[in-house]
Amino acid sequence: MNIFFTAVFALEFILKLIAFRFKNYFGEAWNVFDFIIVLGSFIDIIYTEVHPGSNIFSINFFRLFRVMRLVKLLSRGEGIRTLLWTFIKSFQALPYVALLIVMLFFIYAVIGMQMFGKIAIDDSTEINRNNNFQSFPQAVLVLFRSATGEAWQQVMLACSNQPQTKCMPDLVNQTKSDNCGSDIAFPFFITFYMICSFLIINLFVAVIMDNFDYLTRDWSILGPHHLDEFVRLWSEYDPSAKGRIKHLDVVALLRKISPPLGFGKLCPHRVACKRLVSMNMPLNSDGTVMFNATLFALVRTSLRIKTEGEKSPDQLNEELRAVIRKIWKIKNQKLLDQVVPPPGVENDVTVGKFYATFLIQDYFRRFKKRKENQLKTGLAGAQTNSSVALQAGLRQLQDLGPEIRRAISGDLDEDTFPVDPEPMHRVSCLLLGAGDESANKL
């Protein structure tokens, strides 16, 4: 049977080596482990056949490779690998738990030496040459025995104030009585056993369960862990913790946050701008956006809460405001207006309108640049003056009217805007004002 399994593993090694080549094969740790198993198995078989019954060299170590074949199951089962990785990751937090245990044992050992160190050693009682508090190592051993539940009640009774609890012979003359026991033994041992049994052991279990939950968590589902990521990345743009950042930094922030809450670093800049149009967060007069409004808009967009339908955005916002009032009973009206703007507000400036304006201006600049390139290369035909180009640009904007209205309303389609290289978006302008000014100059 040993030769059969060795032949199977050797055949697997040869086939993988032919398929992956030498460099790629040994570049993976599991393949190296397979090679070590095959090599050790061959050494075991060859040495057994050449020197049968020889004691010159022990081959018991190489026979361990037969058992190591079971470890290969870890590379096949995802669940087994998760459990093993949980056990390994738990060792990173277990030293802190072990440090707490060392502190607990040290404190109780010192107290035990002071309170029960004068009790005489009697082999007929539980305070004998193996269990006593006369030295620090012996005190730690008694506490370790008590922590495991090994007859700790009898040790407690032997240390209590009882007639059979005698003092050491050299201390009888120094004490008023020959009884060195103390009733403090009852709270001493009871508290120690309860802390070890119900707190320390559960800490080990909690550390392992926490790592297992972390490794098996579905990161594609929106959960509390995404809030921690958002707070951490927000602090990079808001180091003074004012609760607001510049609207120009919103795109960079959301592209750093992983989906489903954020856009991800692979999201094109133009697509990110289109998603910001649909989020439509309130924009303050100083050009900043609030922490609560940004987070609520991200969660609302990710879970699609009152963002789709035939109703207008104002109607959807009003329905969402009514639901929030009904569920959470929010008394702070300012906070509610911050996360869900009320309809009918005059001169309400939002991030969605800003980036919609940015997209309009960007398309106009690109159209103008394309026309100029056509004139330079002769593809435009006859020479046209600047007024004709402006009229053509205005006609193009008129043709894009349905797409612009759909973008502002939040009904975006990925095919609406072509994917081009990322344009400059930090334009020092006031929404539509720069577009009018450029049109007047032309």
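Read on for an overview of the structure. None of the values given here were measured: they were computed from a predicted structure. Sequence order sets the numbering: in each chain, residues are counted from 1 along the sequence as written. Given that the model is predicted, a residue must reach a pLDDT of at least 70 before its local features are reported, and side-chain atom pairs must reach 80 or more before they are shown or counted; all residues, however, enter totals for whole chains, interfaces and linings. Side-chain descriptors were evaluated using all non-hydrogen atoms of the structure, hydrogens and water having been removed beforehand.

## Topic: a nonpolar patch on the surface
Candidates for patches are residues over 30% relative accessible area with no salt bridge; among them, like charges are joined within 9 Å and nonpolar side chains (Val, Leu, Ile, Met, Phe, Trp, Tyr) within 5 Å. Reported accessibility uses the Shrake-Rupley method at a 1.4 Å probe radius. Residues are deemed covered only where the shown protein chains occlude them. By convention in these notes, a salt bridge is any Lys or Arg side-chain nitrogen within 4 Å of a carboxyl oxygen on Asp or Glu. Residues Leu84, Trp85, Phe87, Ile88 and Phe91 make up a contiguous nonpolar surface patch of roughly 500 Å² in combined accessible area. By definition, any uninterrupted DSSP run of H or I lasting at least four residues is a helix, any uninterrupted run of E lasting at least two residues is a strand, and each is numbered from the N terminus. Along the chain, the position of Phe91 falls in the loop between helix H4 (78–90) and helix H5 (94–116). The buried label applies to any residue whose accessible area, calculated with a 1.4 Å probe on protein chains only, is under 20% of its type's maximum; exposed applies above 50%, and partly exposed to all values in between. A relative accessible area of 45% places Phe91 in the partly exposed class.

## Observations concerning the pattern of salt bridges
For the structure on display, the rule yields five salt bridges. Between Lys256 and Glu236 there is a salt bridge whose closest N-O contact spans 3.4 Å. Taken together, the residues span a long stretch of sequence, with Lys256 in helix H10 (residues 250–256) and Glu236 in helix H9 (residues 224–237) at a distance of 20 residues. Judged by its relative accessible area of 44%, Lys256 is partly exposed.

## Overview of helix H6 (residues 136–147)
Multiply 1.5 Å by the residue count of a helix minus one, and that product is the helix's expected span. Spanning 12 residues, H6 covers 16 Å between terminal C-alpha atoms, matching the ideal 16 Å at 1.5 Å per step. Phi turns positive, to about 85 degrees, at Gly149, one or two residues after H6.

## Structural notes on the environment of Asn161
Here Asn161 is to be found in the loop between helix H7 (152–159) and helix H8 (185–215). Asn161 sits in the partly exposed class, given a relative accessible area of 44%. Once the C-alpha coordinates of Asn161 and Ser182 are considered, the two residues, 21 residues apart in sequence, prove to be 4.5 Å apart. Contacts were defined at the residue level, with two residues in contact if any of their heavy atoms lie within 4.5 Å. Setting aside residues up to four positions removed in sequence, Asn161 forms contacts with Asn179, Gly181, Ser182 and Asp183.

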